[in-house]
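Residue-level listing of the chains:
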Amino acid sequence: MRFFISPNWISFLGLQPLAQLTMALSAETESHIYRALRTASGAAAHLVALGFTIFVTVLARPGSRSVRLLSSCLTPMRPPLLIPGLFSWHPVLMSLAFSFLMTEALLVFSPESSLLRSLSRKGRARCHWVLQLLALLCALLGLGLVILHKEQLGKAHLATRHGQAGLLAVLWAGLQCSGGVGLLYPKLLPRWPLAKLKLYHATSGLVGYLLGSASLLLGMCSLWFTASVTGAAWYLAVLCPVLTSLVIMNQVSNAYLYRKRIQP
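Okay, so let's go over this structure. (Residues numbered from 1 in each chain as written. Predicted model: local features only at pLDDT ≥ 70, side-chain atom pairs only at ≥ 80, totals over all residues. Heavy atoms only, no water.)

### Re the packing of helix α4 (residues 89–107) against helix α6 (residues 161–184)
- Remark: α4 packs on α6, axes separated minimally by 13 Å, with the N-to-C direction vectors making an angle of 50°. Between α4 and α6, the angle is such that the two are oblique. Of the two elements, α4 crosses α6, and the hand of that crossing is left-handed. On α6, the residues that touch His90, Met94, Phe98 and Met102 of α4 are His162, Ala169, Val170 and Ala173. (Axes fitted to C-alpha atoms, helices over the stretch in contact; angles between N-to-C directions. Helix = DSSP H or I, 4+ residues; strand = E, 2+ residues; numbered from the N terminus. Parallel < 35°, antiparallel > 145°, perpendicular 65-115°, else oblique. Left-handed = near helix turned anticlockwise from the far one by under 90°. Contact = heavy atoms within 4.5 Å.)

Written out as structure tokens, the structure reads:
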């Protein structure tokens, strides 16, 4: 049997301060739990981003001749590749760009799990831009190597969803880095409010990060990856970009999108 006590009776009995204290303690406890969960998820994102990049590097063995021999067997009438293991650098550079560097660039602004919390906001912004620029350079190099690899094999470009998503992610990253210059030097865009520029940049950056994660997921469905990684290991590998994407989505939503939505 349930009993309901109206707010008038609570005030009459002098229980109003007690009720307010209970609500305050409950809200504070929930805040501590939520902050602890965000800290744990941010730490997991650091480890997963690094671990996934190391895993792909070990799997690809950059510079190895295994890919060259496989390509020669598939196309025996063609001459061997001029650069041994050219393709093996592609997954390494792309995972370094979209899994590690880009994740770290965004986690720089995390209030709970940033590794650079001691720096000022301006210092973290500059580190963010440097990491994003490094990610773009790695992605461009990885894209160039796979284009050269396909040229040597006489294969068509952008014939798969993975290739199309990867190209779109690289182009988006280039535009995002260009847009970041306007935030580093706001005087270049005097007619645009800085708050709106930050909101647009954060939203666009989240879209670019999700495109990069989608490219990684599609890459894990390729023949090269599925021939080497099967069973539970494949599912664990797929969870890596999914986990980091969820953490980044939560961070950006809480920092910009949700805050802007609740403002009058």
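Moving on from the coordinates now.
### Side note on the packing of aromatic side chains
- Per the counting criterion, the structure on display carries five aromatic pairs.
- For the pair Phe87 and Trp224, a centre-to-centre distance of 6.0 Å together with 75° between the ring planes defines the contact as edge-to-face. With Phe87 in the loop between α3 (66–74) and α4 and Trp224 in helix α8 (residues 223–228), the pair connects residues that are 137 residues apart, well separated along the chain.
- A relative accessible area of 17% places Phe87 in the buried class.
- The exposure class assigned to Trp224 is partly exposed, which follows from its relative accessible area of 23%.
- Through successive ring pairs, a cluster of aromatic residues spans Phe55, Phe87, Trp224 and Phe225. (Phe/Tyr/Trp six-rings, centres within 6.5 Å; stacked < 30°, edge-to-face > 60°. Buried < 20%, exposed > 50% of the residue type's maximum accessible area, 1.4 Å probe, protein only.)

### Re unusual backbone geometry
- The phi angle at Arg61 is positive, at roughly 50°, despite the residue not being glycine.
- Take Arg61: it is sitting in the loop between α2 (16–60) and α3.
- A positive phi angle, near 55°, is found at Leu158, a position not held by glycine.
- Along the polypeptide, Leu158 turns up in the loop between α5 (121–153) and α6.

### Details of empty space enclosed by the protein
- Scanning the model with the defined rule gives three cavities of 30 Å³ or more in all.
- Each pocket or cavity is described by its volume, and for the largest cavity that value is around 50 Å³.
- What lines the largest cavity is simply Met102, Gln132, Ala169, Trp172, Ala173, Gln176, Gly205, Gly208 and Tyr209.
- Elements with a contribution of two residues or more to the lining of the largest cavity: α6 and α7 (194–219).
- Broken down by class, the residue content of the lining of the largest cavity amounts to five nonpolar, four polar and no charged. (1 Å grid on protein atoms, 1.4 Å probe; cavity = no way out; pocket = protein on both sides within 12 Å on 5 of 7 lines; lining within 4 Å. Points joined across faces, edges and corners; volume = space filled by probe spheres on them. Nonpolar A, V, L, I, M, F, W, Y, C, P; charged D, E, K, R; others polar.)

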